[in-house]
Amino acid sequence: MEGACSYTALHSPPCSTNMYNTGQPSCEIVYRRVKIEPDICYQSNGYMPPPMAPDRFSENSCRQSQCQYSGPDRQVNCMTQENSTSCYPDRTNSCSKMSPHFSGPPDSPPSYPSHSGYDNSMSSSMSCVFGMQRSKKNQGMSIWARTQKLPQDKLKHVSNLYEGSQIPIEVRHYFAEWIEEQPWGQIDENNPSQQDQMFAQQIVQKLIEELENRAMELPQQNQYFLLRLKFQDVANQFRTQYSQNPMELVQIFKRNLAMEETLLHQHENPDASPIEAPMPAFDKDKLIMAKIDGVGAKVNDSDKLVKELTQKQEVFTINYQKQLQINSQINQTQSERYLATLSPEEIQRVTEARKTLEKQKKDFETVLSKGAQTIISARLEIADTLSKNFDDLEEVRQLVVDQELIDWKRKQQLAGNGAPFNPSLLENLQKWVESTVDLVWRSRQQVLKLEGLCSRIPLQLPDGKEDVVSKLNNKITGILSSIVTSTFIVEHQPPQVLKRDSRFSARVRLLVGGRLTIHLTPPTVTASIISEAQAKLLLRGPNRHPDNCCGKILNNSGLMEFHQQKGELSIEFRNMILKSIKRAEKRGTEAVTEEKFCILFQSSFHLGMTVNELQFEVWTISLPVVVTVHGNQECNAVATVLWDNQFSEPGRMPFVVPEQVPWPELVKMLDVKFRSLTERGLTHENKQYLATKLFGGTIDDNFSSKMVSWSAFNRDPLPNRSHTFWEWFYQAMKLTKEHLRGPWKEGFINGFISKQDSQRLLEKCHLGTFLLRFSDNFIGGITIAWLAEDRNGKKQIWNLQPFSAKDFQILGLAERINDLPQLHFLYPDIPKQAAFARFMTQTTHHTATADGYVQHKIQMRCDTADMNGSPVASENPQTPQPGISDHDSPLMSPSNAVNSTTGDGTNYMDMDQYDLQELPGIGMDYTADNVFELNDINLSNFLVEAAMNFSNNVPSNLNGNISNMDSST
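Conventions used here
Residues numbered from 1 in each chain as written. Predicted model: local features only at pLDDT ≥ 70, side-chain atom pairs only at ≥ 80, totals over all residues. Heavy atoms only, no water. Phe/Tyr/Trp six-rings, centres within 6.5 Å; stacked < 30°, edge-to-face > 60°. Helix = DSSP H or I, 4+ residues; strand = E, 2+ residues; numbered from the N terminus. Buried < 20%, exposed > 50% of the residue type's maximum accessible area, 1.4 Å probe, protein only. Salt bridge = Lys/Arg side-chain N within 4 Å of Asp/Glu carboxyl O. Core = buried A, V, L, I, M, F, W, Y, C linked by side-chain atoms within 4.5 Å. Contact = heavy atoms within 4.5 Å. Axes fitted to C-alpha atoms, helices over the stretch in contact; angles between N-to-C directions. Parallel < 35°, antiparallel > 145°, perpendicular 65-115°, else oblique. Left-handed = near helix turned anticlockwise from the far one by under 90°. Nonpolar A, V, L, I, M, F, W, Y, C, P; charged D, E, K, R; others polar. Expected span 1.5 Å × (residues − 1). Arc of directions from axis to C-beta. Pairing = 2+ DSSP bridges.

Side note on the packing of aromatic side chains
Logical step 1: Applying the stated criterion across every chain, the model contains 33 aromatic pairs.
Logical step 2: Judged by centre distance (5.6 Å) and plane angle (45 degrees), the rings of W726 and Y730 are tilted. In this pair, W726 and Y730 are both assigned in helix α20 (residues 725-739), four residues apart and thus about one turn of the helix distant.
Logical step 3: Look at W726 and you get buried, because its relative accessible area is 0%.
Logical step 4: Residue classification places Y730 among the buried positions, given a relative accessible area of 10%.

Okay, here's the thing in structure tokens:
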């Protein structure tokens, strides 16, 4: 049929995101899983071209008057089905089922709003997304419309599903059309890319807007009052809970929609077994539970076989007892003493009876022989079935414990570096573990029953057949032991930077605790701290527990508690205190902040009907911790923890990490950590600049093949500096987190950019344009660079002395920028009020108070009246004394620096090349942050002395400037 085409796809609609970036079809690999019909057909090659953003339309592409532009968001609505060819570059006819709507940025995928005539196109897309093909009779109905027709028991299941996932059923009902229109299948929540994260963020934001808009649109009548409040509450809840973790909401919606599809499939296809029902794509929970259910069905079958064997042996026992009775009667009829008491007639009757009994005996012997063969065959069949079941259970154990649980632990470890982490994953893990251990326990009971049956009726196996019952017992007990010991985990890790004498907490959980009657007698858990060497000894084999811990922890023991509602067996140590620590001998250049410890949690309990049946001793260790005794050790301790979390390999010996790592991996770690603390990650330019700090070169160089050693990261100082790369980065990150988070999140701070690059950006801007960057030398400092003119009309790039955390405790960044009239535009051309007004917190009203005092405020002033290089007057909030010397001015003028001039005549300063901490006379005992905390130092004399010493050690072109300072200060 002309214009008709079909697609086969694995999990995504024919138009993938790549198509909107390149304009080319990305359906190059065709998967033969689910066959669907596309919404738009392309006659030439069977592929569907993507909708085009308005700015991508060719000159005469919109030749139909029905295709209109509307709205500031550049939305294109092709209103008429017959005349919608103009929306596509080749002008081919569109499918009559749906007209395309494009909205949003050029690179974003389009959405497909509902149309009354589009029939089953969205339904097919949804079926493609979730891996199911709906029946023909329901192709015109939405998922929710079909769900509402389910039987009452399945509707109750759907209701509980949404209630348990914290998505009100009202949201699913009133926003069903919008929910089903979202291309959930294009997002891989299990291994999300940056594009997936961005897409998920857009979906969550749009849903919040839909909720708020619907709440406002509802009539004011009383019958809508509760619904309006409901929508508003849900919008606020979603904003609070999912704005920073949108992938969690995506995962919940996909899981719920997949469950609806599964229930619909089971209802609409009653003949299909649960095992044969197609599983939703990307839904790991459904896939694993299907595998567990499949093994469960086999365990049920083996249960039946054991019961049948029991019945056969009972029948065999009855027949055997009857045969014994017959043998006894025959023996009696042959007794001479008995026959001597009988008359000839009675002897005749006994003789006839004996013949009958002998015939019965022969019949019973035949029956017993056949019964014995049947029992032997049944035992062999059961043993073979159990062996196969155990192989399947071992496969499930490997999937759940060796893969999913290890993967969860890895994600938990990366979460210590700030990576996104979904705590609800553990609930799925517990469900999988409990379902698996139930099957394992039932299988073990089957083996024990089989052993009992074999012992009751000992039968000789045929030649060549081995008795494997005892081996089966060992095998299933090993699987059970592996699951029980592996699922004793640290749910909430202790802090990885652990300060002595400080309180800390941790939470330990036994995932199988709600099963196997363990919770009926809750075990005791003990915590202790052990060294890296002791942890290695622990992993080398059983019975190698360390004899002595290397420190003392208070409040380190308690009983596990069973939470009935959640079905969890856990213990939370809330008030542990590390009172002492014994360190190992120092190794080479290793600092104390590089020494790693861990918390060891131990417990014991038994399973089974008797105490001695199965006795378990379980233990687990926390992630590595670094013990500190002073706050100034935190920076280096965090570096040790980050490196270990990011670069440790699964199955390593504690706590081995590589000595050097690729730069792309390291900068990824820095980006994740920075994003977690400041709500925005690093740009490509930021990352390139950081690379130049380590390797030199320019931001245009390719650093992808470079390697970074631990020494270069946090041992060796940067060239011509007294601090390491990590110390400099850490202080910038800490300053941003504590004082600059808002502007940084909005992208108003360039941050990691060199002085030369900032000058290059500013030189072509309007006068008064400024940007903010972290100081190269002043760790934990941020400076303002701006473009200005001196009296001669010469352009100059000026830099303020860097602000530290101490400065922002006095006056915030937004207030400082607002107070400086020299600053007009944030680079490139954003008015400073538009950028920073929202971040201002200081409000002052100069009115008399009740006690007669007039309120005041602190204001920053930078007097640049003389811009030709002469000394500049200023008021510095952190040193309010009058008559302060020039070098204390927060303004760094070009005349007080090493000058450099480019070809265009713009004069640049290089003030940041000297570190305050390195000035002669100051000494390394003091830092920029604590100099002003020393009450016993005369600040003016202190700085003058430093400047005088400095003048004897700086290049000659600076000596003249220094000598002009007023020594009287």
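Here's the deal with the pattern of salt bridges
Logical step 1: Taken as a whole and assessed by the stated rule, the structure comprises 37 salt bridges.
Logical step 2: Two residues, D392 and K298, come together in a salt bridge whose shortest N-O distance is 2.9 Å. Separated by 94 residues along the polypeptide, D392 in helix α12 (residues 344-415) and K298 in helix α10 (residues 284-333) bring together distant segments of the chain.
Logical step 3: A relative accessible area of 18% means that D392 is categorised as buried.
Logical step 4: We classify K298 as partly exposed; its relative accessible area is 39%.
Logical step 5: We note a salt bridge from D644 to R652, for which the minimum N-O separation is 2.8 Å.
Logical step 6: Salt bridges linked by common partners bring E427, E491, R507, R509, E568, E572 and R574 together as one network.

Details of the nonpolar core
One recurring pattern in soluble globular proteins is that nonpolar side chains are buried together.
Logical step 1: I529 and F601 are the most contacted members of the largest nonpolar core, which totals 77 residues.
Logical step 2: Among the elements that make up this core, the one with the highest residue count is α12 (15 residues).
Logical step 3: Setting aside its immediate chain neighbours within four residues, I529 contacts C549, C550, G551, I553, L578, I581, F597, C598, I599 and V627.
Logical step 4: Ranked by size, the runner-up nonpolar core spans 60 residues in total, among them L666, F725, I782 and L823.

What to know about the packing of α10 against α12
The relative placement of two packed helices comes down to the angle between their axes together with the axis-to-axis distance.
Logical step 1: Here α10 crosses α12 at 160 degrees, and the two axes come no closer than 7 Å. Compared by their axis directions, α10 and α12 come out roughly antiparallel. The element α10 and its partner α12 pack so that their crossing is left-handed.
Logical step 2: Looking at the contact of α10 with α12, its residues break down into 25 nonpolar, twelve polar and 14 charged.

Some remarks on helix α8 (residues 225-242)
Logical step 1: The end-to-end C-alpha distance of α8 is 26 Å, a good match for the 26 Å that 18 residues give at a rise of 1.5 Å each.
Logical step 2: Taken together, the buried positions of α8 are occupied by L227, R228, F231, V234, A235, F238 and Y242. All buried residues of α8 lie within an arc of 130 degrees about the axis, which places them on one face of the element. The outward face of α8, more than 90 degrees from its buried face, is lined by the exposed residues L226, D233 and T240.

Brief notes about the sheet that holds strand β11 (residues 557-559)
Strand pairing in a sheet relies on backbone hydrogen bonds, with the paired strands running either antiparallel or parallel.
Logical step 1: If you trace the four strands from one edge of the open sheet to the other, you get β11-β9-β14-β15, paired in antiparallel fashion. Looking at which strands have only one partner, the edges of the open sheet turn out to be β11 and β15 (614-621). Direction aside, neighbouring strands of the sheet carry axes that sit 25 degrees apart on average.
Logical step 2: Pairing analysis gives three bridges linking strand β9 (residues 524-531) to β11, with the strands arranged antiparallel.

A word on the pairing of strand β10 (residues 551-554)
Logical step 1: With burial as the criterion, only one face of β10 is covered, namely that bearing G551 and I553; the residues K552 and L554 on the opposite face remain uncovered.
Logical step 2: Bridge analysis of β10 against strand β13 (residues 568-581) gives four bridges, and the strand direction is antiparallel. Residue pairing for β13: L554 is matched across the bridge by I577.

Re the packing of helix α13 (residues 425-456) against helix α14 (residues 469-486)
Logical step 1: Viewed as axis vectors pointing N to C, α13 and α14 meet at an angle of 160 degrees, and their least axial separation amounts to 10 Å. Here α13 lies roughly antiparallel to α14, going by the angle between them. Viewed along their axes, α13 and α14 form a crossing whose handedness is left-handed. Contacts between α13 and α14 pair V433, T436, V437, V440, W441, S443, R444, V447, L448, L450, E451 and C454 from the former with V469, S470, L472, N473, I476, T477, I479, L480 and I483 from the latter.
Logical step 2: Split into classes, the residues belonging to the contact of α13 with α14 amount to 14 nonpolar, five polar and two charged.

Some thoughts on the environment of F597
Logical step 1: Within the secondary structure, F597 is located in strand β14 (residues 597-607).
Logical step 2: According to the relative accessible area criterion, F597 is buried, its value standing at 0%.
Logical step 3: For the pair F597 and P624, spaced 27 residues apart in sequence, the C-alpha separation works out to 5.6 Å.

Quick word on helix α17 (residues 663-678)
Logical step 1: For α17, built from 16 residues, the straight-helix expectation of 22 Å at 1.5 Å per residue is met to within 8% by its first-to-last C-alpha distance of 22 Å.
Logical step 2: Inspection of α17 places W663, L666, V667, M669, L670, D671, K673, F674, L677 and T678 among the buried residues, and these make up the whole buried set.
Logical step 3: Two residues or fewer after α17 comes E679, characterised by a positive phi angle close to 75 degrees.

With respect to the pairing of β9
Logical step 1: Most of β9 is tucked away: six of the eight residues are buried.
Logical step 2: As paired elements, β9 and β14 share six bridges and run antiparallel to each other. Each residue of the ladder has a partner; that of S531, found in β14, is F597.

This is a description of form; function is not addressed.
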